[in-house]
Amino acid sequence: MITPSTLLRLFTPGTPGTRWRDGRRIAWLAAAPLAALVTLAAGCGTVRTPPGGGSGHGQTATGSPASSLASSPTAVSGSPVPTTTGGPVTPGQPACAGWPSNAARGALPASFVPVAVIRCVTSDQMISGKGQWEVATLERADKNLAPLTAVLRHPAQQRKPGTLCPYIEMIPPQFVMVGGDGRMIIPRLPLGGCGMVQPQVLAALSALSWRPVTVRLVSQIQTQQQVASDCTPQYSDPFLSHVPLQPSHGGTGLGTRPASLRICVYTSGGMPGTAQFVGAATVTGKAESDLLAGVSGAGRASLCSLPHNKFAVLGGAGAPLIYVELGGCDRVFRYESGAGGGLMGLSTGQATPGAVAAIESLTR
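First, a word on scope: everything that follows refers to the structure included in this document.

Thresholds applied
Residues numbered from 1 in each chain as written. Predicted model: local features only at pLDDT ≥ 70, side-chain atom pairs only at ≥ 80, totals over all residues. Heavy atoms only, no water. Helix = DSSP H or I, 4+ residues; strand = E, 2+ residues; numbered from the N terminus. Buried < 20%, exposed > 50% of the residue type's maximum accessible area, 1.4 Å probe, protein only. Areas by Shrake-Rupley, 256 points an atom, 1.4 Å probe, with all protein chains shown as cover. Core = buried A, V, L, I, M, F, W, Y, C linked by side-chain atoms within 4.5 Å. Contact = heavy atoms within 4.5 Å. Salt bridge = Lys/Arg side-chain N within 4 Å of Asp/Glu carboxyl O. Disulfide = S-S within 2.5 Å. Pairing = 2+ DSSP bridges.

Description of the overall build of the chain
Here's step 1: Broken down by element type, the chain carries 6 helices and 17 strands.
Here's step 2: Out of the 364 residues in the chain, the part that is buried amounts to 47%.
Here's step 3: Put simply, the chain shows about 17,900 Å² of open surface, and 56% of that area lies on carbon and sulfur atoms.

With respect to the nonpolar core
Here's step 1: Counting residues in hydrophobic clusters, the biggest one holds 22 residues, and the most contacted among them are V117, L148, L152, F175, M177, V201 and L208.
Here's step 2: For this core, the secondary-structure elements that each account for two or more residues are α2 (146–152), β7 (168–171), β8 (175–179) and α3 (199–207).
Here's step 3: In terms of residue count, the dominant contributor to this core is α3 (4 residues).
Here's step 4: Residue contacts for M177: discarding those within four places in its chain leaves L108, F112, P114, A116, V117, L148, T149, L152, R183, M184, I185 and P187.
Here's step 5: If you look at the next biggest cluster of nonpolar residues, it comprises 19 residues, including I263, L314, L326 and V332.

Some remarks on the pattern of salt bridges
Where charged atoms from two side chains of opposite charge approach closely, those side chains can pair.
Here's step 1: Scanning the model with the defined rule gives 8 salt bridges in all.
Here's step 2: Of the charged contacts, one joins E139 and R119 as a salt bridge, the two residues approaching to 2.8 Å between their closest N and O atoms. With E139 in strand β6 (residues 131–141) and R119 in strand β5 (residues 114–127), this residue pair connects regions lying 20 residues apart in the sequence. Taken individually, E139 and R119 each receive the classification buried, so the pair is uniform in this respect.

Here's the deal with the state of the cysteines
Here's step 1: In total, this model carries 4 disulfides according to the counting rule given.
Here's step 2: Disulfide pairing places C96 opposite C120 at an S-S distance of 2.0 Å. As the torsion about the S-S bond is roughly 90°, the C96-C120 disulfide counts as right-handed. In this pair, C96 is assigned in the loop between β3 (83–85) and β4 (104–106) and C120 in strand β5, connecting sequence segments 24 residues apart. For the pair C96 and C120, one class covers both residues: buried.
Here's step 3: Look at the chain and number its bonded cysteines as they come in the sequence; the links are 1-2, 3-4, 5-6, 7-8.

Remarks on unusual backbone geometry
Here's step 1: Despite not being glycine, N144 has its phi angle at roughly 55°, a positive value.
Here's step 2: You can call N144 exposed: its relative accessible area is 65%.
Here's step 3: Even without being glycine, D330 reaches a positive phi, approximately 55°.
Here's step 4: Turning to its location among the elements, D330 is positioned in the loop between β15 (322–327) and β16 (331–337).
Here's step 5: Owing to a relative accessible area of 16%, D330 belongs among the buried residues under this scheme.

Here's the deal with the pairing of strand β10 (residues 211–222)
Regular strands place their side chains on alternate faces of the sheet.
Here's step 1: Direction of pairing for β3 relative to β10: parallel, over a ladder of 3 bridges. In the strand pairing of β10, T84 is matched with R216.

See below:
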């Protein structure tokens with residue numbers, strides 16, 4: 001048998017690429033002596049927002065030289081801010097719709113008087129009826145710009161002899177200063193002695209009052225079905241493991257049957273790697289009892305050599321997971337109950353053709 005701790009190492013669910021979405025913090029990755037990546041989202045960066053963040057924006061900025069930054073994207077129903085889905089994104093440029101890609105780069109001239117600041121912020125948001133998306137929001141601030149303007153004119157600091165600098169790299173915030181004459185400048189940022197943006201710049205950016213101008217739904221992270229199902233978007237296929245399991249004597253290994261049973265189905269195409277979510281369902285009552293009975297068969301001693309394309313993960317509140325092979329040999333991986341009532345580890349059981357067909361039909 002395989003112990004639960006061994007299972008965690010073998011069959012840990014796959015997850016999307018880790019996203020650090022905090023627009024007002026610095027992410028320090030403890031990878032010394034390797035250089036770590038620090039995301040500074042005070043300018044063009046990333047933040048994680050609570051569900052519903054895609055529908056709580058203010059009105060589009062108008063009546064100033066920067067109002068032309070908002071193009072005319074097609075509005076998503078219910079959103080008060082012009083919103084687009086997809087669309088071309090220039091490599092190396094922020095993904096926001098209306099980002100002024102032709103803005104000049106350099107130090108702020110002494111005569112330059114800004115009337116607005118534009119930035120692009122990327123976040124993960126729940127969009128009503130559309131699931132979870134990576135969203136790029138063009139934001140504008142046009143009040144109390146003097147502190148930011150002042151710190152941008154600070155001179156660069158020199159590294160003092162004997163100073164030890166951290167082994168990290170900084171992604172500088174990207175933002176555009178808009179002048180009263182319509183000029184747009186991506187300002188040169190004053191650096192500290194270790195080559196990183198001076199913290200006063202980040203503090204001044206965070207202190208501004210930002211309001212959204214446009215929203216772009218860049219890429220979908222979870223469909224609405226995935227969000228509603230509470231199934232993880234990706235999962236490692238347990239049936240592709242070459243570690244043999246002991247045959248089960250039968251039973252579900254659940255102990256007390258949960259009030260409802262959630263079914264999450266994934267497809268891997270029979271290839272190693274992470275499988276993708278394709279469907280879900282929840283069963284209760286007699287349907288749940290019938291399904292559990294159908295996946296409670298004793299295991300076979302022989303190994304399975306038939307390929308499969310999909311598998312299901314069955315679980316309920318407080319109950320251990322059950323893995324069902326859909327196709328191939330219709331195997332079931334489940335925890336065995338010990339003599340004292342605890343869980344002993346995974347073993348191989350067998351699903352009936354009717355149980356496999358029921359899972360396929362319920363999640364289609």
